[in-house]
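The residues making up each chain are set out below.
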Amino acid sequence: MRVESLKNSLLLLLSCLSNVTVTAKTVKVFAQNVGLLVDTRLDPLVNPGTCSSHVHSVYGNAQFGATVDEDVFEDDDWRNTEGKINRTTSELTANLSLYWAPSLYIWDGQEHHLVPSFARPYYRMKVNSDGDRSKVHPFPKFLRLIVGDASRKNAWEPQDTDRGDIRWTLTTLNRGSTNYLEHGDWSYLLDNSAVADRGQVEMNLNFPECLEIDDNGTPKTESIGFRSHAASSLERYDSSRQSFCPVSHPYQIPRLNLEVRYSIGDMRDRLGEGIVNNVRNWRLSTNDSSGAGAHADFISGWPQDMMENIIANCTDGKSKDGGDADCMLEGFELDSRVLKSVPFNNPVPQEHVKEVTNLPTGNCPPIGFTNPPIGCTNDPNLKFRNKIFRDCSW
């Protein structure tokens, strides 16, 4: 009888423990600027080898093109940065990732004018209140992800809750007070006087942070449409599995929070305040005048051993726990907010995209070099280009 009573007590205790609510916190690991590489009608994930249906603003790896090869996202000697500054627009040279999103245009009544932009990716992770990071893994090699709905051209309705975690902000003015349900398009910016005071409008996208695994426990890096192999984390910690990820997608990675910032302030000098501040003149390159069609693509080019160190040791770009950890990011300059640009001359559709009467779409023009490269180069800052020539040294 006593044994049975102890058994029941133990079962009750285990049941209680499994239902304990574990407080979650989100840690900002670090952020960096990634300058504009090119505005072009290419999307190597959705439309490999040909034009996409709309113009994208592309940031990061300078080997972007109509197709992408896995090897251009890897560098086993990433610690050696000599001669590599021009291989990415990321201010952190070891990051060979690519990010792209729809371009923003402003209509002046006669032409659509391309708005300059840059990206600022934040990397965050969800952990227990005790700060345990051991369940968070580096991005697997050549991970590809897409978020958002490029086909949407109408503002969201209140009942449209099945959508991505994407919102529009006026950067620091309201970033902390916005959410994807109330600020997922431009409706709240119409006739909003605050627009006139801001130099940038921001597309803010959260990528999923949990991945599906195969039968061997290896995380999947792609799926049809580049979406279903990834999922958002759980609202609450699953104590029985010790995970923030759903059973279907148990592999946790850092959450990419991508800010695409469009510099509308630069356009006021060119087009006038009346035109630029009128949100009804804004168009995404998909011809979406609502902002609800926000979307973005990501290909990871992070060295895995570097990301392992960052996950374990970094908070806001510095060593966590008061400096006791060894965060290798402290060896890099990430506070300059530099809008880096690099030479780009890979083949792109030969069409105008900056000032156009009609937004570029439809038939694909020839894809080629605007200024054909001469061939192999010995310039240490341009040797990354040699990779497209099989006989060149890399």
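Conventions used here
- Residues numbered from 1 in each chain as written.
- Predicted model: local features only at pLDDT ≥ 70, side-chain atom pairs only at ≥ 80, totals over all residues.
- Heavy atoms only, no water.
- Pairing = 2+ DSSP bridges.
- Helix = DSSP H or I, 4+ residues; strand = E, 2+ residues; numbered from the N terminus.
- Axes fitted to C-alpha atoms, helices over the stretch in contact; angles between N-to-C directions.
- Disulfide = S-S within 2.5 Å.
- Buried < 20%, exposed > 50% of the residue type's maximum accessible area, 1.4 Å probe, protein only.
- Polar contact = N/O pair within 3.5 Å; in protein donor to acceptor, adjacent residues only side chain to side chain.
- Contact = heavy atoms within 4.5 Å.
- Salt bridge = Lys/Arg side-chain N within 4 Å of Asp/Glu carboxyl O.

Asks: Report on the sheet that holds strand 2 (residues 36–42), specifying residues and quantitative values.
Replies: Taken in spatial order, the 5 strands line up as 2-3-4-16-8 in an open sheet, and their pairing is antiparallel. Taken across any chain shown, the strands that pair with only one partner, and hence form the sheet edges, are strand 2 and strand 8 (144–148). With direction set aside, neighbouring strand axes in the sheet form an average angle of 20°. Relative to strand 3 (residues 51–60), strand 2 runs antiparallel, the two sharing 5 bridges. Residue pairing in the sheet places Leu 42 in a bridge with Cys 51 of strand 3.

Asks: Could you give an account of the state of the cysteines, with specific residues and numbers?
Replies: Under the criterion given, the structure shown has 3 disulfides. Here Cys 210 pairs with Cys 245 through a disulfide, and the sulfurs are 2.1 Å apart. The disulfide joining Cys 210 to Cys 245 has a torsion of about -85° about its S-S bond and is therefore left-handed. On the criterion of sequence distance, the pair formed by Cys 210 in strand 11 (residues 210–211) and Cys 245 in the loop between strand 12 (230–231) and strand 13 (251–252) is long-range, its members being 35 residues apart. Among the residues examined, Cys 245 registers a relative accessible area of 0% and is labelled buried.

Asks: Let's hear about the side chain of Arg 133: which residues, and what values?
Replies: With respect to the helices, strands and loops of the structure, Arg 133 is situated in the loop between strand 7 (117–128) and strand 8. Classification of Arg 133 as buried rests on a relative accessible area of 12%. At 2.8 Å, the side chain of Arg 133 and the backbone oxygen of Ile 311 are in polar contact. Engagement of the side chain of Arg 133 in a polar contact is seen with the backbone oxygen of Cys 314, the distance being 2.7 Å. What Arg 133 contacts, discounting residues up to four positions off in sequence, is Val 27, Met 125, Val 127, Ile 310, Ile 311, Ala 312, Asn 313, Cys 314, Thr 315 and Lys 320.

Asks: Break down the pairing of strand 16 (residues 295–299) for me, with residues and values.
Replies: Judged by how many residues are buried, strand 16 sits mostly within the fold: 5 of 5 residues are covered. Two strands pair when backbone bridges link them, and strand 4 (residues 98–102) and strand 16 are joined in this way by 3 bridges, in the antiparallel orientation. Of the residues in strand 16, the one forming a bridge with Leu 98 is Ile 299.

Asks: Could you give an account of the pattern of salt bridges, naming the residues involved and the relevant values?
Replies: Where charged atoms of side chains with opposite charge meet at close range, the side chains can pair. Inspection of every chain in the model, using the stated rule, returns 16 salt bridges. Of the charged contacts in the structure, one is a salt bridge between Glu 202 and Arg 175, with a shortest N-O distance of 2.8 Å. Placement of Glu 202 in strand 10 (residues 201–206) and of Arg 175 in the loop between strand 9 (166–169) and strand 10 is noted, with a sequence separation of 27 residues between them. Each member of the pair, Glu 202 together with Arg 175, is buried.

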